[in-house]
Amino acid sequence: MFFVSAMSICLLINYAVSAIPKPEEKRVLDDPLSHAQHYQNDEHNKQYDHEAFLGEDAKTFDQLEADESRRRLGLIVDKIDGDSDGFVNLSELKAWIQYTQRRYIDDDVNRQWKTHNSNNTEKVHWDTYRKNVYGFLDELASHETDHPSDEHFSYRAMMKRDRRRWSIADRDGDDELTREEFTDFLHPEESSHMRDVVVTETIEDIDKDSDGKVSVEEYIGDMYRQGEPDEEEPDWVKHERETFTNFRDKNKDGFMDNQEVKDWITPADFDHAEAEARHLIYEADSDADEKLTKDEIIEKYDLFVGSQATDFGEALTRHDEF
C-alpha cells in the first residue's frame, strides 16, 4: 500500500492534465477552438460556438441572466467591429476568434510559468517542473511493495510522455525551457515543429493493441462507447465508419498509419477560425448580406454566448471589459 496526498493529486490535476491529452478528449488539433465537440451525435452543440467566440469567458457567460448576457455581448460586438461601420464582417469575426484563442493560451502559459518559475528566471529546468508535477512519485516509491499499483504505472507513463514532449520543445537541448519553448510544451498544437509529437501521442491514446496504427474499431472507440452488446450503433457512428473507410484510410489497408493520422488531426488548408466565423455568420445573418449587425448577433445571443448553465465550475470575470 502507498499514500498519495491531496496536494499531490491537486498538483497532478492542475498541471499534468493540461499537458497530457487523454483518450476521452477530442483530438488536440482537430478542434483547437473549443474543448467541446461541434457536433454530438449529429446534433449541433452550441457550447462549441460559445467557447470559440468567447474563449475562457464562456464560463462567465454561461452563468449570466439572459439580459446581462445580451448587454455584455453588445459591448463585445462594439470591439469586434474594428472599422465602426455598424457591421461585423468575416475578417473581423475571424480576427476576434483568433484573439480569444490566443488569449486563452497566453493566460494558461502565464499561470503555469509563474507556478514553475517562482524565482522569475529566464528559463525553467525539467527537474523543477518534474518536482512540481510528479514529485509525489518519489514519495510513493519509498512506500511501494513489490507490486506497484496501476495508478502508479499510469503516473509514470504520464511523466514519460511529458519528458518526451519537453525534450522536443527544448530547441537548444539544455533541458531548460524559455517562455516560448514552455508555450510549445503546454500547447504543442500551436507550433509546427511540435506537430509530430502530437500525432504520436494521439496514436498512443487510441491504439489499444499497441501495434502502432489505428484500426476502425479503435477510431470509433475513441468517440463512442457501445452499451449493450446487441445495441444498434447510431447513424452518426455508421457515418464515421464510412468516413474512416472512404477518407481516413487513404491506402485502404484497414488502418490509419502515422501520416494518415497526421492528415486527420492537422488537415491541410483548413482554417478553424475562418470556418467557425463563416458558421456563425451563416446562422445569424437574417438578411443574407454576409455580415452581421449588432441586432442580428444579439437576436442569436444563445448561439454566441448562451446563459444560465451552472455546471462549468468557477466563473472567470473580466471586470475591466464589462
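Since the structure is predicted, the reported quantities are computational estimates derived from the model, not experimental observations.

About the cut-offs
Residues numbered from 1 in each chain as written. Predicted model: local features only at pLDDT ≥ 70, side-chain atom pairs only at ≥ 80, totals over all residues. Heavy atoms only, no water. Helix = DSSP H or I, 4+ residues; strand = E, 2+ residues; numbered from the N terminus. Buried < 20%, exposed > 50% of the residue type's maximum accessible area, 1.4 Å probe, protein only. Contact = heavy atoms within 4.5 Å. Areas by Shrake-Rupley, 256 points an atom, 1.4 Å probe, with all protein chains shown as cover. Axes fitted to C-alpha atoms, helices over the stretch in contact; angles between N-to-C directions. Parallel < 35°, antiparallel > 145°, perpendicular 65-115°, else oblique. Nonpolar A, V, L, I, M, F, W, Y, C, P; charged D, E, K, R; others polar. Salt bridge = Lys/Arg side-chain N within 4 Å of Asp/Glu carboxyl O. UniProt positions renumbered as here; feature names shortened; annotations may be inferred. Left-handed = near helix turned anticlockwise from the far one by under 90°. Phe/Tyr/Trp six-rings, centres within 6.5 Å; stacked < 30°, edge-to-face > 60°. Polar contact = N/O pair within 3.5 Å; in protein donor to acceptor, adjacent residues only side chain to side chain. Core = buried A, V, L, I, M, F, W, Y, C linked by side-chain atoms within 4.5 Å. Lys, Arg positive; Asp, Glu negative; His and termini not counted.

## Points about the overall build of the protein
So, step 1. The helix and strand tally for the protein stands at 16 helices and 6 strands.
So, step 2. The burial tally for the protein puts 43% of its 322 residues in the buried class.
So, step 3. The contacts in the protein between residues at least 6 apart in sequence include a share of 65% that link residues at least 24 apart.
So, step 4. Accessible area for the protein stands at about 17,400 Å²; split by element, carbon and sulfur atoms hold 48% of it.

## Observations regarding the environment of K131
So, step 1. Its location among the elements puts K131 in helix 6 (residues 126–134).
So, step 2. Between the alpha carbons of K131 and H116 there is a distance of 9.5 Å; along the sequence they are 15 residues apart.

## As for the packing of helix 4 (residues 66–80) against helix 5 (residues 90–116)
So, step 1. Taken N-terminus to C-terminus, the directions of helix 4 and helix 5 make an angle of 110 degrees; their axes are 10 Å apart at the nearest point. Regarding the angle of helix 4 to helix 5, the classification is roughly perpendicular. Between helix 4 and helix 5, the contacting residues are I76, K79 and I80 on the first element and E92, L93 and W96 on the second.
So, step 2. Of the residues contributing to the contact of helix 4 with helix 5, the split by class is 4 nonpolar, no polar and 2 charged.

## Quick word on the pattern of salt bridges
So, step 1. Tallied over the full model, the rule gives 22 salt bridges.
So, step 2. The residue E217 makes a salt bridge to R241 at a minimum N-O spacing of 2.8 Å. Of this pair, E217 sits in helix 11 (residues 216–221) while R241 is found in helix 12 (residues 235–248), placing the two residues 24 residues apart along the sequence.
So, step 3. Taking relative accessible area as the criterion, R241 reaches 21% and is therefore assigned partly exposed.

## Observations regarding the UniProt feature "domain: EF-hand" (unreviewed entry) in the protein
So, step 1. The UniProt entry lists residues 68–103, 157–192, 194–229 and 249–271 under the feature "domain: EF-hand" (unreviewed entry), expressed in the numbering used here.
So, step 2. The span residues 157–192 shows a helical share of 58% and a strand share of 6%, and its end C-alpha atoms are spaced 25 Å apart.
So, step 3. Helix makes up 50% of residues 194–229 and strand makes up 6%, while its end C-alpha atoms are separated by 39 Å.

## Some words on the packing of helix 5 against helix 14 (residues 272–284)
So, step 1. Two elements in contact, helix 5 and helix 14, have axes whose closest approach is 8 Å; the angle formed by their N-to-C orientations is 125 degrees. What the angle tells us is that helix 5 and helix 14 run oblique. Between helix 5 and helix 14 lies a crossing of right-handed hand. Taking contact as the criterion, the partners of L90, L93, K94, I97 and Q98 in helix 5 are, on helix 14, A273, E274, E276, A277, R278, L280 and I281.
So, step 2. Taken together, the residues of the contact of helix 5 with helix 14 break down into 7 nonpolar, 1 polar and 4 charged.

## Considering unusual backbone geometry
Peptide bonds are mostly trans, and most non-glycine residues show a negative phi.
So, step 1. With a phi angle near 65 degrees, D175 is a residue other than glycine that sits in the positive phi range.
So, step 2. Relative to the helices and strands, D175 is located in the loop between helix 8 (150–169) and strand 4 (176–177).
So, step 3. With a phi close to 55 degrees, A288 is a non-glycine residue in the positive phi region.
So, step 4. Within the secondary structure, A288 is located in the loop between helix 14 and helix 15 (294–299).
So, step 5. With a relative accessible area of 62%, A288 lands in the exposed category.

## Re the packing of aromatic side chains
So, step 1. Under the defined criterion, the tally for this structure stands at 14 aromatic pairs.
So, step 2. Judged by centre distance (5.2 Å) and plane angle (45 degrees), the rings of W96 and Y99 are tilted. Of this pair, W96 and Y99 are both found in helix 5, 3 residues apart, which corresponds to roughly one turn of the helix.
So, step 3. Given a relative accessible area of 9%, W96 falls into the buried group.
So, step 4. The interplanar angle of 85 degrees and the centroid separation of 5.2 Å between the aromatic rings of Y129 and F185 together place this pair among those described as edge-to-face. Highlighted residues: Y129 in helix 6 and F185 in helix 9 (residues 179–186), separated in sequence by 56 residues.

## Things to note about the side chain of H116
So, step 1. Residue position: H116 is located in helix 5.
So, step 2. On the accessibility criterion, H116 (3% relative accessible area) is buried.
So, step 3. A polar contact of 2.9 Å, which involves the side chain of H116, links it to the side chain of N132.

## Notes on the nonpolar core
Looking at soluble globular proteins, one finds that nonpolar side chains tend to be buried together.
So, step 1. Core analysis: the largest hydrophobic core is formed by 37 residues, its most contacted members being Y129, W166, F182 and F185.
So, step 2. In this structure, V77, W96, A273 and I281 belong to the second largest nonpolar core, which totals 20 residues.

## What to know about the side chain of E296
So, step 1. Following the sequence through the fold, E296 ends up in helix 15.
So, step 2. Buried and unpaired, E296 has no salt bridge, with K291 as the nearest side chain of opposite charge at 9.2 Å.
So, step 3. At 3.4 Å, the side chain of E296 and the backbone nitrogen of D287 are in polar contact.
So, step 4. Ignoring sequence-local partners within four residues, the contact set of E296 consists of A284, D285, S286, D287 and K291.

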